[in-house]
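Topology and contacts: notes
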Protein chains: 2
Amino acid sequence: MKKILAIDAGGTGSRALVLDETGRCLGYGRAGGGNPTSAGLDNAVAAIASAVGLAMEGIARQPVASSAVIALAGEDTQRFRAALSERLAPFGFPDVVVAPDLLGMFHSGSYASAGYSLIAGTGAVAARIAEGKVERLAGGTGWLLGDAGSGFWIGHLAARAVVADLDGQGPETALTPLLLGELGLTAPSGPVGEPARDSGRPRILRQLIGTLYAIRPVELSRFAPLVFRAHEDAVALRILVEASAKLASLLDLVRVPQIDGPIVVGGSVLLEGMLSAPPELAAKLVPLAAGEVLFPVPDGVVGAAVIALDRAGTTVDEELFQRIRSGLAVLRDSHRHNGSNRQDGAVTPETRDGS
Amino acid sequence: MKKILAIDAGGTGSRALVLDETGRCLGYGRAGGGNPTSAGLDNAVAAIASAVGLAMEGIARQPVASSAVIALAGEDTQRFRAALSERLAPFGFPDVVVAPDLLGMFHSGSYASAGYSLIAGTGAVAARIAEGKVERLAGGTGWLLGDAGSGFWIGHLAARAVVADLDGQGPETALTPLLLGELGLTAPSGPVGEPARDSGRPRILRQLIGTLYAIRPVELSRFAPLVFRAHEDAVALRILVEASAKLASLLDLVRVPQIDGPIVVGGSVLLEGMLSAPPELAAKLVPLAAGEVLFPVPDGVVGAAVIALDRAGTTVDEELFQRIRSGLAVLRDSHRHNGSNRQDGAVTPETRDGS
């Protein structure tokens, strides 16, 4: 039977799922970041190959026609595809097709050929899907040029608010001790309540500036969870309310009356932040799509499988879709238990049953 | 007679002025960026030495006690001072004292021991000077963390506004053709008014994003002049009005009732932008310090001379101060005429008189 390989290659992790045409999940593996833009081409290919190797453990490599799809953010380059196909040929997947990550995310939540996806992780992007293709993209222009409402955007505003607080330019905020604590900095106090100053600037501000410029700008997204934690603080709340408004507008921008939904959502800001907010915070946020059902997905690996099956000539229906989802969930669950002592790990039905 | 060396080392240029204790300007030289943080220590020291070499052309190196002051932004490191002193010892200046650039700017506009300076070039920073020292600094935390109202801030908002326009997230703006033109990009048109799209995103937006991420973020400040040029456009005007409000607040933040002024201002955003605005724009901007006299200065070289004279035991009064300013103006003017065929150039009263 034909083997199908589905890969989701993100900036922080690569996931590979091997399944057959009936939707039976055979193996799953996870490795480091597989985005060639952020990790570099060679590192990305190596990480993806490692995830695939783990997913293929104990699976026979039959010399039959196969289909492999990788869901990937950013530009699709021929050089990357060639390097990846060469690396995956020994596994029986000599032709890897690249699909937009947003399509992978969408099809992880739905097998319909039209709808919307909204992702807010480090970045923020929305897409309209029509006839199985990304028809309209909005946002996703990166930390410097857009991505309002994203993890970077939230973390950046938090960092600026703390700098403004320490500089006396902005209001005091509970974010200041939280962010300084996160960075392992503490404010030394000067005489009688006044902060200690060096050439007219508080010493702790000098230290904070030095620390923040030493990390890559995009990594300011690590402060986003602190803002959710501090949501009772006025400055933090204002950032979150504005972020929710920006994300709601982003989704609105790609919507058209002819396409109802479904609306698939993903990314840590939505899943762990906005959509997991405690009721008192949730009541203050701008709702993404009031009264409509949202389909949250953790990543694009199921979607890559849906696209790969479709390319292999298998129509994905509700039953097949649910079989993939539950099969993957079982593999992931046992992966979590067995793989707890190592960063990367593989699990197959065989090893799972035998454990 | 004692020689005095005054240096202003900025990110884009270093200026050196040699004068005597009576304020007579003897030589002036200019070379490339001399800020060790932005240019690297070795490059910075080489550029400064080159400016000093040009300023010292034709001037006798008497073995008498001398005073040298360099006005410099950023942290004062012992390594930089040691490297610079070693390099300038052959010119008769073995001990270089580093002063904050803001103090150099302030004393370029005033010999008073107290007052304010507000600089808005690529960055934005304000200072209160008291007893000849920087007592309170506000802003100047750099492009990522602050500097609202600066050239970077204005250029960054312009770039974001153009991206939002092309992405359909923001209003149409006259900044779009201006900024695309500045970068040598032109929007190809698709069928019937719709822009040409690639995977759901306008092709010109893809090109713009690629171009903007390829330059250093801080270089977005190059778009600030475009915003002033487009001030009749609503988006551009809003950026400028907000920038003027941010700069006015920054200055307010350091002001105290006990110190009246003077207020010394510098940097391209203030000198070539806000304070050179045509009347219809000026009427809409938030005034920096309504009804008060502002003292504009092009750089900190006169201030470095004032500080150096003070350290050498010479009290700078109105007469001495004006002698330095006019002497430097003469040297600079002839430098501009004689040096037009080369980037770096020196001029001394001798070469000037002889030409």
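A brief structural summary. (Residues numbered from 1 in each chain as written. Chains lettered and ligands numbered in written order. Predicted model: local features only at pLDDT ≥ 70, side-chain atom pairs only at ≥ 80, totals over all residues. Heavy atoms only, no water.)

A separate point is the overall build of chain A. Check the secondary structure of chain A and you find 14 helices and 13 strands. When burial is assessed residue by residue, chain A has 54% of its 355 residues classed as buried. In chain A, once contacts between residues fewer than 6 apart in sequence are set aside, the share between residues at least 24 apart is 68%. Summed over its atoms, the accessible surface of chain A is roughly 15,200 Å², and 52% of this surface lies on carbon and sulfur atoms. (Helix = DSSP H or I, 4+ residues; strand = E, 2+ residues; numbered from the N terminus. Buried < 20%, exposed > 50% of the residue type's maximum accessible area, 1.4 Å probe, protein only. Contact = heavy atoms within 4.5 Å. Areas by Shrake-Rupley, 256 points an atom, 1.4 Å probe, with all protein chains shown as cover.)

With that settled, the discussion passes to the sheet that holds strand S12 (residues 294-296) of chain A. Residue and element names in this part refer to chain A. One open sheet holds the five strands; their spatial order is S8-S7-S6-S11-S12, and the pairing between them is mixed. Since the sheet does not close on itself, it has two edges, and those belong to strand S8 (133-139) and S12, each with one partner. Looking at each pair of strands side by side, their axes are set apart by 25° on average, direction ignored. One ladder, built from six bridges, connects strand S6 (residues 115-120) with strand S7 (residues 124-130); its direction is antiparallel. Residue Leu-118 lies in a different strand from S7, and its bridge partner there is Ala-126. Relative to the sheet, helix H9 (residues 234-254) contacts S6, S7, S8 and strand S11 (263-266), its axis offset from that of S7 by approximately 25°. (Pairing = 2+ DSSP bridges. Axes fitted to C-alpha atoms, helices over the stretch in contact; angles between N-to-C directions.)

With that out of the way, let us pick up the packing of aromatic side chains. Residue and element names in this part refer to chain A. This model, assessed by the stated rule, comprises seven aromatic pairs over all chains. Ring centres 5.4 Å apart and planes at 55° place the aromatic pair Tyr-111 and Phe-321 in the tilted group. Placement of Tyr-111 in the loop between helix H4 (101-109) and S6 and of Phe-321 in helix H13 (residues 318-338) is noted, with a sequence separation of 210 residues between them. Owing to a relative accessible area of 32%, Tyr-111 belongs among the partly exposed residues under this scheme. Judged by its relative accessible area of 3%, Phe-321 is buried. (Phe/Tyr/Trp six-rings, centres within 6.5 Å; stacked < 30°, edge-to-face > 60°.)

Before going further, it helps to spend a moment on the side chain of Ser-221 of chain A. Residue and element names in this part refer to chain A. In this structure, Ser-221 sits in the loop between helix H7 (203-214) and helix H8 (224-229). Side-chain polar atoms of Ser-221 contact the backbone oxygen of Val-218, separated by 3.1 Å. Ser-221 has contacts with Thr-122, Gly-151 and Phe-152, leaving out every residue within four places of it along the chain. (Polar contact = N/O pair within 3.5 Å; in protein donor to acceptor, adjacent residues only side chain to side chain.)

Opposite the 37 residues of chain B that make contact, chain A presents 36 residues. Here chain B and chain A share an interface that buries about 3,100 Å² over both sides, 54% of which is from carbon and sulfur atoms. When the area that chain B buries against chain A is broken down by residue, the three leading residues are Leu-144, Leu-145 and Tyr-213 of chain B, summing to 23%. Taken together, the connections running from chain B to chain A amount to two salt bridges. We note a salt bridge from Asp-167 of chain B to Arg-136 of chain A, for which the minimum N-O separation is 4.0 Å. The interface formed by chain B and chain A contains 22 residue pairs in polar contact (both at pLDDT 80 or more). Those elements that provide at least two residues to the side of chain B that touches chain A are strand S8 (133-139), helix H5 (151-167), helix H7 (203-214) and helix H9 (234-254) of chain B. Of the residues assigned to the side of chain B that touches chain A, the class counts are 18 nonpolar, ten polar and nine charged. (Buried area = accessible area lost by both parts, 1.4 Å probe. Salt bridge = Lys/Arg side-chain N within 4 Å of Asp/Glu carboxyl O. Nonpolar A, V, L, I, M, F, W, Y, C, P; charged D, E, K, R; others polar.)

The operation relating chain B to chain A is a screw motion whose rotation component is 180°, with 0.0 Å of axial translation and a residual RMSD of 0.1 Å. With respect to symmetry, the two chain copies, as superposed, fit the operation of a two-fold axis. Interface overlap between copies: 97% of the residues of chain B at the interface are likewise at the interface in chain A, consistent with a symmetric, same-surface contact. (Least-squares fit on C-alpha atoms with pLDDT ≥ 70 in both.)

This brings us to the sheet that holds strand S6 (residues 115-120) of chain B. Residue and element names in this part refer to chain B. In space, the five strands of this open sheet follow the order S8-S7-S6-S11-S12, with mixed pairing throughout. With partners counted over all chains shown, the strands left at the sheet margins are S8 and strand S12 (294-296), one partner each. Between one strand and the next, the sheet's axes are offset by a mean angle of 25°, whatever the strand orientation. Its contacts with the sheet place H9 against S6, strand S7 (124-130), S8 and strand S11 (263-266), and it is angled at close to 25° to S7.

It is worth spelling out the pairing of strand S3 (residues 25-31) of chain A at this point. The buried fraction of S3 of chain A is high, at six of seven residues. Hairpin connection between strand S2 (residues 14-20) of chain A and S3 of chain A: a loop of four residues separates the two successive antiparallel strands, and Gly-23 of chain A in this loop has a positive phi of roughly 90°.

All names here are of chain A. At a minimum axis distance of 6 Å, the contact between H4 and helix H12 (residues 301-311) shows a crossing angle of 90°. Judged on the interaxial angle alone, H12 and H4 are roughly perpendicular. Of the residues in H12, those in contact with Leu-103, Gly-104, His-107 and Ser-108 of H4 are Val-301, Val-302, Gly-303, Ala-304, Val-306 and Ile-307. For the contact of H4 with H12, the residue count by class is six nonpolar, four polar and no charged. (Parallel < 35°, antiparallel > 145°, perpendicular 65-115°, else oblique.)

All names here are of chain A. The amide bond that connects Gly-261 to the next residue, Pro-262, takes the cis arrangement and shows omega of -5°. Mapped onto the secondary structure, Pro-262 falls in the loop between H9 and S11. Here the phi dihedral of Glu-131 falls at roughly 50°; this positive angle occurs in a residue that is not glycine. A relative accessible area of 73% places Glu-131 in the exposed class. In this structure, Asp-147 is a non-glycine residue whose phi angle is positive, near 60°. Take Asp-147: it is sitting in the loop between S8 and helix H5 (151-167). For Asp-147, a relative accessible area of 8% gives the class buried.

Turning to the pattern of salt bridges, a few remarks are in order. Residue and element names in this part refer to chain A. For the structure on display, the rule yields 20 salt bridges over all chains. Residue Arg-128 pairs with Glu-135 through a salt bridge whose shortest N-O separation is 2.6 Å. Classification of Arg-128 as buried rests on a relative accessible area of 11%. Glu-135 gets classed as partly exposed once you look at its relative accessible area, which sits at 41%. A salt bridge links Glu-292 to Arg-255; the nearest nitrogen and oxygen atoms lie 2.8 Å apart.

Once that is clear, we can look at the pairing of strand S3 (residues 25-31) of chain B. As paired strands, strand S2 (residues 14-20) of chain B and S3 of chain B are joined by six bridges and run antiparallel to one another. In the strand pairing of S3 of chain B, Val-18 of chain B is matched with Gly-27 of chain B.

Another aspect to go through is helix H6 (residues 175-182) of chain A. Residue and element names in this part refer to chain A. Of the positions making up H6, those classed as buried are Leu-175, Thr-176, Leu-179 and Leu-180. Summarising the axial view, the buried residues of H6 lie within an arc of 120°, below the 170-degree limit, and thus occupy one face. Downstream of H6 by a residue or two, Gly-184 has a phi angle that is positive, lying close to 75°. (Arc of directions from axis to C-beta.)

Below, the discussion takes up helix H3 (residues 78-88) of chain A. Residues and elements named next belong to chain A. Residues of H3 that are buried: Phe-80, Leu-84, Ser-85 and Leu-88. Buried residues of H3 fall within an arc of 125° about the axis and therefore sit on the same side. Exposed and oriented more than 90 degrees from the buried face of H3 are Gln-78, Arg-79 and Glu-86. Residues of H3 that are buried in the fold lie against strand S1 (3-9), helix H1 (36-39), helix H2 (41-55), strand S4 (67-72) and strand S5 (96-100).

Here the focus is the nonpolar core. Within the largest apolar cluster, 118 residues are counted, with the highest numbers of intra-cluster contacts made by Ile-154, Leu-208 and Leu-212 of chain A together with Ile-154, Leu-208 and Leu-212 of chain B. Beyond its immediate stretch of four places on either side in the chain, Leu-208 of chain A contacts Val-162, Val-163, Leu-166, Leu-179, Leu-180, Leu-183 and Leu-185 of chain A. (Core = buried A, V, L, I, M, F, W, Y, C linked by side-chain atoms within 4.5 Å.)

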